[in-house]
Amino acid sequence: MVEWTDFERQTIADIFGKIDYETVGAAALSRTLIVYPWTQRYFGNFGNLYNAAAIKINPLIAKHGTTIVHGLDRAWKNLDNIKEAYTELSILHSETIHVDPDNFRLFCDCLTITLAAQMGAEFNADVQAVVQKFLVVVVAALGRQYH
């Protein structure tokens, strides 16, 4: 079980209380698909993904990015039981969608960059450490059902 300090709990709540889910989600998923083009294989039915410009304006990518970031609500609202909170999503991604679990980490790396860009100076080293810890726990929970 992961131990969370009061500072970590408050920092996570502050971040998710302030972010614009639509902007952050769209930017993080677009960045993932552009920087790591092999992740696009799961989005074949999302239309034009032929170049960075097309990905950035694709409404289906923006919508799914928002969905992913809203999915993190499940984690920050269940900090003491993230693994159990993500059991269903882990099963869905491993057994039905067959997503490469490394893609979760790649998305979280892009999310961290996006948050840093959105938050500016407020995203200092202490905040980044909390974000990284939080996302590592989420990635582990999502990858839990993989064999």
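Everything below is about the structure shown above.
Notes on the side chain of Thr39
Then, in step 1: Structurally, Thr39 can be placed in the loop between α2 (21-35) and α3 (52-57).
Then, in step 2: One polar contact links the side chain of Thr39 to the main-chain carbonyl oxygen of Tyr36, over a distance of 2.7 Å.
Then, in step 3: Non-local contacts of Thr39, meaning those with residues more than four positions away in its chain, are made with Thr32, Leu33, Asn103 and Leu106.

Description of the pattern of salt bridges
Then, in step 1: Using the criterion set out here, one finds 5 salt bridges in the structure.
Then, in step 2: In this structure, the salt-bridge partner of Arg9 is Asp80, at a minimum N-O distance of 2.6 Å. With a gap of 71 residues between them, Arg9 in helix α1 (residues 6-18) and Asp80 in the loop between α4 (59-76) and α5 (82-85) connect regions that are remote in the sequence.
Then, in step 3: Take Arg9: its relative accessible area is 28%, and that puts it in the partly exposed class.
Then, in step 4: Among the ionic pairs, Glu122 bridges to Lys18, the shortest N-O distance being 2.5 Å. Placement of the pair is Glu122 in the loop between α7 (102-119) and α8 (125-142) and Lys18 in helix α1, with a sequence separation of 104 residues.
Then, in step 5: Since its relative accessible area comes to 40%, Glu122 is described here as partly exposed.

Some words on the packing of α2 against α7
Then, in step 1: It is at 8 Å that the axes of α2 and α7 come closest, and there the two elements cross at 130 degrees. Taken together, α2 and α7 sit at an angle that is classed as oblique. Judged by the twist between their axes, the crossing of α2 over α7 is right-handed. Touching Thr23, Val24, Ala27, Ala28, Leu29, Arg31 and Thr32 of α2 are Leu106, Phe107, Cys110, Leu111, Ile113, Thr114, Leu115 and Gln118, all from α7.
Then, in step 2: Along the lines of polarity and charge, the residues of the contact of α2 with α7 split into 10 nonpolar, 4 polar and 1 charged.

Side note on the nonpolar core
Then, in step 1: Membership of the largest hydrophobic core comes to 40 residues, with the highest contact counts inside it found for Phe16, Ile82, Tyr86, Leu111, Leu115 and Phe134.
Then, in step 2: Elements represented by at least two residues in this core include exactly α1, α2, α4, α5, α7 and α8.
Then, in step 3: Element by element, the count of residues in this core is highest for α8, at 10 residues.

Some thoughts on the packing of aromatic side chains
Then, in step 1: Enumeration according to the criterion identifies 6 aromatic pairs in this entry.
Then, in step 2: Ring centres of Phe43 and Phe46 lie 5.1 Å apart, and the angle between their planes is 80 degrees; this geometry places the pair in the edge-to-face category. Each member of the pair, Phe43 as well as Phe46, is classed as buried.
Then, in step 3: Its end group placed over the ring of Trp4, Lys133 keeps NZ or CZ at 4.8 Å from the ring centre.

The rules behind each value
Residues numbered from 1 in each chain as written. Predicted model: local features only at pLDDT ≥ 70, side-chain atom pairs only at ≥ 80, totals over all residues. Heavy atoms only, no water. Helix = DSSP H or I, 4+ residues; strand = E, 2+ residues; numbered from the N terminus. Polar contact = N/O pair within 3.5 Å; in protein donor to acceptor, adjacent residues only side chain to side chain. Contact = heavy atoms within 4.5 Å. Salt bridge = Lys/Arg side-chain N within 4 Å of Asp/Glu carboxyl O. Buried < 20%, exposed > 50% of the residue type's maximum accessible area, 1.4 Å probe, protein only. Axes fitted to C-alpha atoms, helices over the stretch in contact; angles between N-to-C directions. Parallel < 35°, antiparallel > 145°, perpendicular 65-115°, else oblique. Left-handed = near helix turned anticlockwise from the far one by under 90°. Nonpolar A, V, L, I, M, F, W, Y, C, P; charged D, E, K, R; others polar. Core = buried A, V, L, I, M, F, W, Y, C linked by side-chain atoms within 4.5 Å. Phe/Tyr/Trp six-rings, centres within 6.5 Å; stacked < 30°, edge-to-face > 60°. Lys NZ or Arg CZ within 6 Å of the ring centre and 35° of its normal.

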